[in-house]
Each structure stands twice: as structure tokens, then as C-alpha cells.
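As a plain string of letters, each chain reads:
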Amino acid sequence: KQWYQRRVAITAGEKNDPVTLIRCLTLVSGLVKGVKCDVAFDPTLSGLLDDIIMSGVISENEIVRHLAIKALGYSCILSKTLAKKYLVFFLQVVMVDNYTEILETTLKIIFDLLLVFGLETFSDDDMTKKESDDNKANVSDEDLLATKSESTTLERDQHEGEDNISKNAKESKPFEDQIVEKFKEFLDDEILRNVAAEGIAKLMYNNRLVDATLFSRMLLLWYNPTTEGDSLRHCLGMFFSTYGANDNMEALTVIEEAFFPTIQTICDAPHVSPLLEINPQRVAELMLSLLRGYHNEQMIIKMCNEILINPRSSYGKCLTKVLHHCSVDGERSSDADIKLIHSLVMEIKEQAEHISTKKALLTYLGVLETMVKKTPYSEDKENKPPDHADGSQDGDVLSQMSDMSEVSVGRKKSLYAAPDQPLDLLDMIT
């Protein structure tokens, strides 16, 4: 009996030894990765989670803590119940831990959980209540640990993280908006930027996340001169070349909504910002090519209105130069919209400064006028085309194109890649 008691005491001491915990956590991680059952409902795995994994999570040793968080992440991927329970904890770790490998691993776990279960899993009505209960449980565990040993820096950081999460839980902001705000913070962090961009790209590509602001952020990050030579550009290049393929209407809507804010951000960049080195026209041409010929007539009308607000600004000049790249579907668009676009483009042409821009807009007007002439005008005098008996320049646009044969519609069509050919995006970076 005495030998057994001494053995139990020795074993209890070994559980807090970093070397022993590293060995145990390595075995537990391999075990969890090899099973396919729900960890939360398996007595053996649940016991390992409580006894070994959670004891390693609060360890001061970085290696032990790293392995424990990885093992906890594997367990959460196998169990939706554990994923909903510990997602807030993973967010706390990203906010308070200062070990780079732990931060990157934890952020990858967060993206994997959202990719496997979807954001809607974590935005249930009872999610706020679960977060509050989890925070209380964590505080109780830490208070119990504080009675056994002195307070450590990690514990104080965890308390601060719990206070921040509790404040966020009290807000009425939906979970999707909160997680999007966190992703924006991760994109601004030099340490987490690459992992965050890759994770966001995965979520958006699989339609787990639909947000135009994040798409705009990643596009600016891709063009940012500070990321030149970074592996991040290759990842984002593959994402942009495939996002919106197969007529994914959600993706095309995201690109369309991100178009104007992205160009506006580049044109309004301060003099000290690296975004000032980006050519907004190249970015606009890329985004229009990502739409793969799908240009909503309302987007074209909005572009024309944005130009007419201030055609002399850098923003207005950029939109004017790319306006003729927008294609109008004569079969899908209404006659009223085509006529409205025609009149707006005519007004923009009159205010254009460069001859090359006027020529491009004149070619674009010729295409629009062809569409307009297919529909007979109304008997109303206001809708009848003006009768220019004197052959003035404001008459038939097609008659003004005789000396512009070098500007062809084929040049515009060449900007769009064929459906079975990937876009050569790397050549479009300036």
C-alpha cells in the first residue's frame, strides 16, 4: 500500500513535467487524428481531453502549450459540440499569446473550424449564452489554479481576453460581423497576415464567407508593394484566378460590390501610404476581368454617375479610362437602361480630356447605339432621336468612327480570358 501511494505521488509529479507532457500530448494528438468518432461522446477520449490536453493548454512551457492547442484543435474538428465550446477560447489565445507558432497554429484551427462547420454553426441564438458560461468556467478554473500556485503572465492575459470577449458578447452585433472585424485585424498584423489571408481565401472560395470588404482588403494586399516577393502573392493569385468561376453569382456579386470602394481607397491613399504606388487603372481592369463579362447594367450606371460627380479627380479619371471595358448584354438589359447608359456615356465623352479616352468612349458609344437602334423609338417626341440635318458631330455616332478603325471591339474583348483559360494575373501587377 505504501509503495502504491509513493508511485501515485511520483506519477502525479510527472504529469506537470514538460518532457512527460510533450510525450503524452504527442501520443494523444496522433490518437485523435486517427479516430473518426465524436470526442465529446467518447469516455476515453473525453478523459484524455480533460486530464492531459487541458492541463497542457495552461502550461507556461511554449512547446507544451503549442502541442496541447493542436490536440485540442484536432478534437474540435471531430466534434461540433467541442468546436462551439472552444472557438471563443481559440480567439482568446490569438489575442493574448505572444508565441508566434502558437498564434499561427491557433488561427489555422479557427479557419479550419469555420470551414468544416460554417459560420452559421457559431451564430445560433444560444451562442452568446454558451460563451458567457465558458468564460465563467474558465475564470473558475484559473481561480482554482491561482490558489495552488502564484499568478502567471499567461493567466493575467487570459483574464483580460475573457473580459474583452464578455464585452463583445454583450453587444448586439451578429457573430458574422464580429468575426469579419477580427479577420480585418488579422490582415493588418504582420505576423498573422499570411495565415489570415490564406484562411479567408479558403472560406470565400468555398462560399463559407461572403464579404466584399474582406475581398477588397486582400486585393489591396496583393497589389501592395510591401508584399512583393512574398509567398502570399502566389496564394492570392490562385484565389483571384478561380474565384467567381463557374458562374458563381455570390462571388461575382462580391467582386462587383468591392469594385468602387477598392478603386476609391487607392485613389484617396495618403502620400505616406504604399498604396500610392499602385496603378488604380490596372486594378480596375483586373476586377472587371474577374467578373468574366458579367457586368450589371446598374453597376455601369453607377460608374457613369461616379464619373460625372467629379470627372477631373483621379478617381473619376480612372473610372473614365476603364468604362469602355464594361460590356452590356443587349438581350438581358432593358431598353431604358441601355438608353440611359448611352446618354451618360455621351456626356462623359464631352468632358473627357485625353484623345485616346475619347476614342475609346466613341467606340463604346457605337456599340451602345447599335443596341439602341434595334428597338424602335417611342412616339413621344422626347424619346425621338434628334434630327441633325446639318450633319453635326452630335448626330449618328457610327458616322464618327470612320477614322478609328484601329480601335476595335476585339481589343476590348481581349481583356477577358476564355472560360477554359486561367487569367494571367501576375502580369497585371504593377
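Cut-offs and rules
Residues numbered from 1 in each chain as written. Predicted model: local features only at pLDDT ≥ 70, side-chain atom pairs only at ≥ 80, totals over all residues. Heavy atoms only, no water. Helix = DSSP H or I, 4+ residues; strand = E, 2+ residues; numbered from the N terminus. Buried < 20%, exposed > 50% of the residue type's maximum accessible area, 1.4 Å probe, protein only. Contact = heavy atoms within 4.5 Å. Areas by Shrake-Rupley, 256 points an atom, 1.4 Å probe, with all protein chains shown as cover. Expected span 1.5 Å × (residues − 1). Bend = angle between axes of the 7 residues up to and from the residue. Polar contact = N/O pair within 3.5 Å; in protein donor to acceptor, adjacent residues only side chain to side chain. Salt bridge = Lys/Arg side-chain N within 4 Å of Asp/Glu carboxyl O. Disulfide = S-S within 2.5 Å. Phe/Tyr/Trp six-rings, centres within 6.5 Å; stacked < 30°, edge-to-face > 60°. Axes fitted to C-alpha atoms, helices over the stretch in contact; angles between N-to-C directions. Parallel < 35°, antiparallel > 145°, perpendicular 65-115°, else oblique. Nonpolar A, V, L, I, M, F, W, Y, C, P; charged D, E, K, R; others polar. Core = buried A, V, L, I, M, F, W, Y, C linked by side-chain atoms within 4.5 Å. pLDDT = per-residue confidence, 0-100.

### A closer look at the overall build of the protein
Thought 1: Scanning the protein from terminus to terminus reveals 19 helices and zero strands.
Thought 2: Burial status across the protein gives 45% buried among its 430 residues.
Thought 3: A fraction of 71% describes how many contacts in the protein between residues 6 or more apart in sequence connect residues 24 or more apart.
Thought 4: For the protein, the accessible area works out to roughly 23000 Å², and carbon and sulfur atoms hold 51% of it.

### Quick notes on helix α13 (residues 249–267)
Thought 1: The end-to-end C-alpha separation of α13 is 28 Å, in line with the 27 Å expected for 19 residues at 1.5 Å each.
Thought 2: Remark: the principal bend of α13, roughly 35°, maps to Phe259, with a proline, Pro261, within the next four residues.
Thought 3: If you check which residues of α13 are buried, you get Ala251, Leu252, Val254, Ile255, Glu256, Ala258, Phe259, Phe260, Thr262, Ile263, Ile266 and Cys267.
Thought 4: Against α10 (193–205), α11 (212–223), α14 (280–290), α15 (297–309) and α16 (314–322) lie the buried residues of α13.
Thought 5: With a side-chain oxygen positioned 3.2 Å from the backbone nitrogen of Glu250, the residue opening α13 is Asn248.

### Digging into the pattern of salt bridges
Thought 1: Summed over all chains, the structure comprises eight salt bridges.
Thought 2: As a salt-bridge pair, Glu120 and Arg208 come within 3.4 Å of each other at their nearest N and O atoms. Taken together, the residues span a long stretch of sequence, with Glu120 in the loop between α6 (100–117) and α7 (127–148) and Arg208 in the loop between α10 and α11 at a distance of 88 residues.
Thought 3: Relative accessible area serves as the criterion here: at 47%, Glu120 is assigned to the partly exposed category.
Thought 4: Residue Arg208 is classed as partly exposed on the basis of its relative accessible area, which comes to 28%.
Thought 5: Lys349 is the salt-bridge partner of Glu350, the closest N and O atoms lying 3.1 Å from each other.
Thought 6: A residue is classified by how much of its surface remains accessible, and Glu350, at 46% relative accessible area, is partly exposed.

### Side note on the state of the cysteines
Thought 1: Considering all chains together, one arrives at zero disulfides under this definition.
Thought 2: Of all cysteine sulfurs, the one in Cys326 lies closest to Cys304, which takes part in no disulfide; the gap is 8.1 Å.

### Structural notes on the packing of aromatic side chains
Thought 1: Here the structure, examined in full by the defined rule, presents 13 aromatic pairs.
Thought 2: Connected via pairs of aromatic rings, a cluster forms that spans Phe215, Trp222, Tyr223, Phe239, Phe240 and Tyr243.

### Focus: the packing of α13 against α14
Thought 1: Contact pair α13 / α14: the axes reach a minimum separation of 10 Å and the direction vectors enclose 180°. Comparing the axis directions of α13 and α14 gives the class roughly antiparallel. Residues Leu252, Ile255, Ala258, Phe259, Thr262, Ile263, Ile266 and Cys267 of α13 touch α14, and the partners they reach there are Pro280, Val283, Ala284, Met287, Leu288 and Leu290.
Thought 2: When its residues are assigned to classes, the contact of α13 with α14 shows 13 nonpolar, one polar and no charged.

### Describing α11
Thought 1: Taking 1.5 Å per residue as the helical rise, α11 with its twelve residues ought to reach 16 Å, and the 17 Å between its terminal C-alpha atoms agrees with that figure.
Thought 2: Within α11, ten of the twelve residues are buried, which leaves the element mostly enclosed by the surrounding structure.
Thought 3: Buried residues of α11: Ala212, Leu214, Phe215, Ser216, Met218, Leu219, Leu220, Leu221, Trp222 and Tyr223, and no others.
Thought 4: On its buried face, α11 is in contact with α9 (175–188), α10, α12 (231–242), α13 and α14.

### Some details on the nonpolar core
Thought 1: Formed by 114 residues in total, the largest nonpolar core has its most connected members in Phe90, Phe183, Phe215, Phe259 and Leu323.
Thought 2: Among the elements that make up this core, the one with the highest residue count is α13 (ten residues).
Thought 3: Phe215 has contacts with Met204, Phe239, Phe240, Tyr243, Val254, Ile255, Ala258, Met287 and Leu290, leaving out every residue within four places of it along the chain.

### Regarding the confidence of the model for the protein
Thought 1: Overall, the prediction assigns the protein a mean pLDDT of 76, with 71% of residues at 70 or greater.
Thought 2: A low-confidence stretch, residues 1–13 (pLDDT under 50), is modelled with zero contacts involving residues beyond four sequence positions or located in other chains.
Thought 3: Scored below 50 in pLDDT, residues 128–132 makes four contacts in the model with residues more than four places away or belonging to other chains.

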